[in-house]
Amino acid sequence: MEKDNVLASFSLEGKVALVTGATYGIGFGIATALAQAGAKIAFNARKPEQIDHAVAEYAKLGIEAHGYQCDVTDEASVQAMVADIAATLGPVDILVNNAGIIKRIPMTQMSAQDFRQVVDIDLVGPFIVSKAVIPSMVERGHGKIINICSMMSELGRETVSAYAAAKGGLKMLTRNICSEYGEANIQCNAIGPGYIATPQTAPLRERQADGSRHPFDSFICAKTPAGRWGTVEDLMGPAVFLASDASNFVNGQVLYVDGGILAYIGKQPK
Ligand code: NAP
Ligand code: GCO
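Residues numbered from 1 in each chain as written. Chains lettered and ligands numbered in written order. Predicted model: local features only at pLDDT ≥ 70, side-chain atom pairs only at ≥ 80, totals over all residues. Heavy atoms only, no water.

A. Region of the structure containing the overall build of the chain. When helices and strands are counted, the chain shows seven helices and seven strands. Reading the helices (α) and strands (β) of the chain from amino to carboxyl end gives β-α-β-α-β-α-β-α-β-α-β-α-α-β. The C-alpha radius of gyration of the chain comes to 19 Å, within 12% of the 18 Å expected for a compact globule of 270 residues. Overall size of the chain, expressed as C-alpha extent along the three principal axes, is 55 × 45 × 40 Å. The proportion of buried residues among the 270 residues of the chain is 47%. A sequence separation of at least 24 residues applies to 73% of the contacts in the chain between residues at least 6 apart. (Helix = DSSP H or I, 4+ residues; strand = E, 2+ residues; numbered from the N terminus. Rg over C-alpha atoms; globule rule 2.2 N^0.38 Å. Buried < 20%, exposed > 50% of the residue type's maximum accessible area, 1.4 Å probe, protein only. Contact = heavy atoms within 4.5 Å.)

If you want it as structure tokens, here you go:
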């Protein structure tokens, strides 16, 4: 038995993690978790004011996070960011492709430009950032890539055609990175969050004018065996697991952290 203490395999001490779009929301929570497990944290955002604010928020948690102004769709900027991280913190050991947007528009009313923007950020972005970090991971003989997929990697719903197409593609990009670089000891997996209470889903939880719950809020709670929305904290442990040596023989998988939505037909109306 090689391991005298299995908990040691969850440690990220000495590792460098890049979490994209981690100034708030799921990315901020995952970066916090990786830092708590010992990793040095780098993150990116599009707006400089957000970077400064996030660095201060991380510092309040005792985390020295290094922020970069970088749009994940800008390959030159991503390559420069990855090179700077390598020069200042060390080469990226763990990449979390978290940055993403959603546009909720009925498909026939959605412009091709809007569709392309969602796919560009949610699917091409992870391709660009993964492509930037993989060569160094191959040289060093190890690496972890975690893509943030979605319920919409498996299911469709009205108004989210671009997002579902992108997240479905991200599931297959996860499997393809596994297939192409598994031999180099790179593990590429995904986390598929359920419905998580963040700014991205705030419109789906807004109270109605009469003070009642948003119909979608009630719908999701009825579809979730846990009977609640997920929280960013629900994703922190799964992220550490997939970023650590504890998952070295897990590859090409999507770990759904959804409170059971995908397993459940939904609560029957009373
Ligand atoms: P969020 O609150 O909207 O945060 C998204 C983050 O990504 C923001 O920091 C945003 O920064 C950043 N971002 C967007 N486009 C970017 C770009 N081109 N380059 C760099 N950063 C960019 O979303 P969230 O709820 O935390 O979701 C994070 C990820 O989880 C997304 O991939 C989302 O699809 C996925 N997800 C969310 C849920 C959920 O229920 N919330 C469930 C499943 C999956 P800006 O301020 O610049 O926009
Ligand atoms: C939506 C929501 C979802 C969540 C998430 C679910 O409009 O349906 O935004 O897409 O963001 O992706 O896993």
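And the narrative resumes.
B. Quick peek at the site of ligand 2. Inspection of the region around ligand 2 gives 14 residues, with Arg104, Ser150, Arg157, Tyr163 and Gln200 positioned closest. Within the contact set of ligand 2, an oxygen atom lies 2.8 Å away from a side-chain nitrogen or oxygen of Tyr195. Across the shell around ligand 2, the residue classes tally to eight nonpolar, four polar and two charged. (Near = heavy atom within 4 Å. Polar contact = N/O pair within 3.5 Å; in protein donor to acceptor, adjacent residues only side chain to side chain. Nonpolar A, V, L, I, M, F, W, Y, C, P; charged D, E, K, R; others polar.)

C. Structural context of the environment of Cys221. Its place among the elements puts Cys221 in helix H6 (residues 215-223). Taking C-alpha positions, Cys221 is 31 Å from Tyr58, a pair spaced 163 residues apart along the chain.

D. Summary view of the pattern of salt bridges. All told, the structure shown has seven salt bridges when counted by the stated rule. The salt bridge partner of Glu57 is Lys60, with a shortest N-O separation of 2.7 Å. Of this pair, Glu57 and Lys60 both sit in helix H2 (residues 48-60), three residues apart, which is roughly one turn of the helix. Taking relative accessible area as the criterion, Lys60 reaches 63% and is therefore assigned exposed. The closest approach of N and O atoms between Asp217 and Arg213, which form a salt bridge, is 3.1 Å. Note on Arg213: relative accessible area 38%, which makes it partly exposed. (Salt bridge = Lys/Arg side-chain N within 4 Å of Asp/Glu carboxyl O.)

E. Local environment of the sheet that holds strand S5 (residues 143-148). Here we have seven strands laid out as an open sheet, ordered S3-S2-S1-S4-S5-S6-S7, and parallel in their pairing. Across the chains shown, the open sheet's two edge strands, defined by having one partner strand only, are strand S3 (65-69) and strand S7 (254-257). Neighbour-to-neighbour, the strand axes of the sheet open up by a mean angle of 20°, direction not taken into account. As paired elements, strand S1 (residues 16-20) and strand S2 (residues 40-45) share five bridges and run parallel to each other. When the bridges of S2 are listed, Val16 appears paired with Lys40. (Pairing = 2+ DSSP bridges. Axes fitted to C-alpha atoms, helices over the stretch in contact; angles between N-to-C directions.)

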